[in-house]
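Coordinate analysis (summary)
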Amino acid sequence: MALLKVQSLKKHFPVKKAFGETAQWLKAVDGIDFSVDENKVFVLVGESGCGKSTVARLVLRLITPTSGRVLFDGKDIFGLDGDSLKAFRKSVQIVFQDPFASLNPRKTVFDTISEPLKIHRITEKKNMKDACAELLKKVGLGTDIMNRYPHEFSGGQRQRICIARALAVNPKIIVADEPLSALDVSIQAQIINLLQDLRKETKIAFLFISHDLKVVHYFSDTVAVMYLGKILEHAKTEDLFMEPLHPYTILLLSSAPKVKTEAFSVQRSAFSDKKLQTPNSERQPDIGEVPSPIHIPSGCPFHPRCPKRFEPCDKIIPELKEAKGRLISCHLWNPY
Amino acid sequence: MSLLEIRDLNVSFRTKASPTKVVSNLSLDIKESEVFGLVGESGCGKSLTALSIMGILPPNAYAEGLINFNGKDLLMLDRESLRRLRGREIAMIFQEPMTSLNPVLTIGYQISEVMTTHLGLSKKDAFDRAVDLLRDVKIPSPEIRVKEYPHQMSGGMRQRVMIAMAVACNPSLLIADEPTTALDVTIQSQILELLQKLREERKMSILLITHDLGIIAENAKKAAIMYAGRIVELAEAGELFNNPGHPYTMGLLDSLPKEKGKPLKPIPGTVPRPDKLPQGCKFSDRCRFVVPPCRTEEPELKEVDGRHPVRCIRAAEIKWPY
């Protein structure tokens with residue numbers, strides 16, 4: 001059964017306008033559905049401004065949605081209160097992008113890690129030191145660092161402390177919002193290995209938010225590609241990287257610079273794939289930029305940048321429907 | 001002929017105790033209209049190398065050695081001649097375009113300022129040229145954009161403006177310090193394509209500084225890998241990735257996620273602080289091939305068996321993939 005289920009979730013932020021003008025809405029998340037199963041890694045991938053971090057904040061109940069539901073263990077999280085809310089907070093934890101900003105500089109490692117244990121009354125006071133030591137060992141840190149402060153650590157070590165803090169309450173799912181993008185390559189690999197080990201040992205599910213396709217490919221079970229608040233393609237990781245179907249997914253994969261030794265290699269020539277040829281489908285030399293989420297293009301949100309757009313793309317919004325064993329929102333694959 | 005020749009460059013910070021060396025005996029050559037990549041993790045000294053070429057090191061740092069650019073030793077030039085050189089013959093773009101543009105001046109003003117200063121153009125001519133430059137860097141409707149302010153543009157657009165400003169006086173060397181790190185991948189590939197196009201049209205050399213090996217593999221002709229202020233390997237880009245010679249380069253390549261499910265082989269430990277470098281080879285405390293002599297004497301950067309230069313005493317024995 002799905003651990004976390006998101007149903008037609010929307011979050012629109014009001015944009016302040018000058019007096020007398022009508023209010024505008026920034027559609028950060030515009031009707032998305034997905035579910036995360038136990039012990040699985042679900043990845044939301046997309047460029048900045050596509051709404052992936054807003055989804056993370058909604059799922060954690062840090063903000064309330066405009067409409068739609070988030071079900072955790074079958075219960076709507078926005079209907080929770082009191083003890084049930086506390087239990088939810090215990091089951092869902094987060095690791096942020098910037099380990100320099102997400103640790104309190106005035107708290108020692110021990111204070112930071114023991115705080116969730118105290119709040120949720122998991123460990124008795126006299127066992128607190130041992131519990132902390134256990135957690136630190138789990139994330140590959142020495143137990144002698146308990147009385148030190150965050151500034152004494154490097155980025156990778158701090159991210160380990162953040163992970164230890166998230167693990168303290170034995171969560172069922174960890175939401176990780178770009179946990180690797182602030183780290184150097186060699187440190188990234190260390191943290192990926194750590195997360196991979198934790199998955200094996202603890203059966204934790206991950207909602208992983210990322211823009212780095214290399215990591216996504218390596219680490220995930222299912223991937224959803226987001227663009228301007230919508231999911232454009234939702235597929236098993238192997239399928240998506242073996243044969244990306246949505247033109248935006250192809251653009252993303254072909255834009256990522258790669259060293260030859262890497263596993264996936266969608267070449268830029270993917271754009272000249274015969275099967276996808278439609279009139280005027282030559283790759284535009286300049287694909288332009290992501291439009292503002294306040295003025296989302298009509299029809300398919302990707303159509304102004306799409307090398308394969310044709311007749312209906314600027315008028316009819318494509319639905320996210322099944323095609324070739326995955327969900328895809330594109331008129332090429334789902335004739336309207 | 002080399003356009004830029006760096007020999008035994010040392011960059012140090014003055015501290016209360018003894019000076020801390022952050023770039024040590026660095027030598028490299030950049031040829032005309034070539035892309036030279038400088039790769040390394042944060043704190044390895046790659047940006048400080050760039051800053052010393054431009055002569056804009058922070059006040060508590062100083063550079064020694066020889067930086068020969070077109071027959072001039074940049075470290076010996078006085079402030080006035082350096083000022084005339086910067087922006088005209090050597091230009092630089094930075095990682096975060098928002099902080100490098102002035103928020104209260106229009107981009108047209110900022111681009112034309114370079115040309116009124118260095119080329120002696122009139123304000124009007126310079127402004128017209130600015131429009132052309134914006135068109136060259138593929139900014140749509142440049143006539144309108146030229147009157148706008150930086151906050152009205154996206155990150156990718158701002159980086160294009162920075163590039164327009166940098167190439168305004170046809171420099172022969174462009175230093176690009178992590179030019180795409182703050183940008184999304186689709187924008188990143190556009191910016192890199194643009195830089196390549198400008199390089200070909202204008203016969204400009206580019207010193208491309210990045211931590212992303214993929215960017216180097218796709219864009220640079222030659223590249224140097226830096227670790228703890230030293231070049232540890234220097235080779236043609238293809239050679240570097242197919243036939244790496246230094247354990248650190250191999251470690252970086254191993255750290256990239258490859259086959260799904262297989263555990264990665266990260267480099268253990270962290271980059272040492274510049275004032276607490278190990279004795280001998282600076283990578284010895286993290287190296288999987290370390291032998292006792294590594295810890296006593298620092299190896300030189302030299303060619304082994306006719307291969308490209310590698311700073312490792314075991315370069316001849318260690319074969320990739322091991």
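Here, residues in each chain are numbered from 1, in the same order as that chain's written sequence. For this description, chains carry letters from A and ligands carry numbers from 1, given in the order in which they are written. It should be noted that, the model being predicted, local features are given only for residues of pLDDT at least 70 and side-chain atom pairs only at 80 or more, the latter also being counted only at that level, while totals for whole chains, interfaces and linings use all residues. As a rule here, side-chain values cover all heavy atoms of the structure and leave hydrogens and water aside.

**Comments concerning the interface of chain A and chain B**
Each partner contributes to the interface: chain A provides 38 residues, whereas chain B provides 42 residues. Buried area is understood as the total, over both parts, of accessible area removed when two parts are fitted together, assessed with a 1.4 Å probe. Across the interface of chain A and chain B, roughly 3,400 Å² is buried in total on both sides, 53% from carbon and sulfur atoms. Contact with chain B buries surface across chain A, with Val185, Tyr218 and Glu289 of chain A losing the most and accounting together for 19% of the total. Whenever two N or O atoms come within 3.5 Å, that pair is a polar contact, provided that in protein one can donate a hydrogen and the other can accept it, and provided that, for residues adjacent in sequence, both atoms are side-chain atoms. Taken together, the connections running from chain A to chain B amount to eleven residue pairs in polar contact (both at pLDDT 80 or more). Elements supplying a minimum of two residues to the side of chain A that touches chain B: helix H6 (185-202), helix H7 (213-219), helix H8 (237-242) and helix H9 (247-255) of chain A. Numbering of helices and strands runs from the N terminus, with a helix taken as a DSSP run of H or I at least four residues long and a strand as a DSSP run of E at least two residues long. For the side of chain A that touches chain B, the element with the most residues is H6 of chain A, which contributes seven residues. Classification used: nonpolar for Ala, Val, Leu, Ile, Met, Phe, Trp, Tyr, Cys and Pro, charged for Asp, Glu, Lys and Arg, polar for all others including Gly. Its residues placed into classes, the side of chain A that touches chain B shows 15 nonpolar, eleven polar and twelve charged. Residues are treated as being in contact if the distance between any of their heavy atoms lies within 4.5 Å.

**Remarks on the sheet that holds strand E2 (residues 24-37) of chain A**
Following DSSP output, two strands are said to pair if at least two bridges run between them. In spatial order, the strands read E2-E1-E4-E5 (chain A); together these four strands make up an open sheet with antiparallel pairing. Strands at the two margins of the open sheet, each flanked by one partner only, are E2 and strand E5 (75-76) of chain A.

**Digging into the confidence of the model for chain A**
All names here are of chain A. When the pLDDT values of chain A are averaged, the result is 87; 91% of them are 70 or greater. Element-level pLDDT for chain A is lowest in H7, with a mean of 85, against a maximum mean of 96 in strand E10 (residues 230-236). The quantity known as pLDDT measures the predictor's confidence residue by residue, on a range of 0 to 100. With pLDDT under 50 throughout, residues 262-285 is counted as low confidence; its partners more than four residues away or in other chains account for 56 contacts.

**Comments concerning the packing of aromatic side chains**
By convention here, two paired aromatic rings are described through the distance between centres and the angle between planes. Residues and elements named next belong to chain A. The aromatic pairing rule takes the rings of Phe, Tyr and Trp, using the six-membered ring of Trp, and pairs them if the centres are within 6.5 Å, calling planes under 30 degrees apart stacked, those over 60 edge-to-face and the rest tilted. Tallying each qualifying case throughout the model produces ten aromatic pairs over all chains. Ring geometry for Phe208 versus Phe219: centroids 5.0 Å apart, planes at 55°, classification tilted. Here Phe219 lies in helix H7 and Phe208 lies in strand E8 (residues 205-210), a separation of eleven residues in the sequence. With a relative accessible area of 2%, Phe219 lands in the buried category. Categorising residues by exposure relies on relative accessible area from a 1.4 Å probe, with only protein chains included: less than 20% of the type maximum marks a residue as buried, more than 50% marks it as exposed, and the intermediate range marks it as partly exposed.

**Focus on the sheet that holds E8 of chain A**
Residue and element names in this part refer to chain A. What the eight strands build is an open sheet, ordered E6-E7-E8-E3-E9-E10-E12-E11; its pairing is mixed. Edge positions in the sheet fall to strand E6 (92-95) and strand E11 (321-323), since each of these pairs with one other strand and no more. Strand after strand, the sheet turns through a mean of 25° between neighbouring axes, direction not considered. Here three bridges tie E11 to strand E12 (residues 326-328), and the two strands are oriented antiparallel to one another. In the strand pairing of E12, Ala323 is matched with Arg326. The convention used is that axes are lines fitted to C-alpha atoms, helices contributing only their stretch in contact, and that angles between N-to-C directions extend from 0 to 180 degrees. Its contacts with the sheet place helix H2 (residues 82-91) against E6 and strand E7 (173-177), and it is angled at close to 45° to E6. The strands that helix H5 (residues 155-167) touches are E6 and E7; relative to E6, the one it contacts most, it runs at about 175°.

**Remarks on the nonpolar core**
Here, the term nonpolar core denotes a set of buried Ala, Val, Leu, Ile, Met, Phe, Trp, Tyr and Cys residues that are joined through side-chain atoms within 4.5 Å. Grouped together as the largest cluster of nonpolar side chains are 70 residues, with contacts concentrated most on Ile111, Leu134, Val161, Ile163 and Leu213 of chain B. The greatest single-element share of this core, amounting to eight residues, is contributed by helix H7 (residues 155-167) of chain B. Leave out the neighbours within four places in its chain, and Leu213 of chain B touches Val259 of chain A together with Val39, Ile225, Phe241, Leu252, Leu253 and Leu256 of chain B. Counting residues in hydrophobic clusters, the runner-up holds 64 residues, among them Ile161, Ile187, Val216 and Phe241 of chain A.

**Considerations on the state of the cysteines**
Our working definition of a disulfide is a cysteine sulfur pair at a distance within 2.5 Å. As enumerated under the stated definition, the model contains zero disulfides over all chains in all. Sulfur of Cys330 of chain A: no disulfide; nearest cysteine sulfur belongs to Cys306 of chain A and is 6.2 Å away. With no disulfide of its own, Cys294 of chain B has Cys281 of chain B as its nearest cysteine by sulfur position, at a separation of 6.0 Å.

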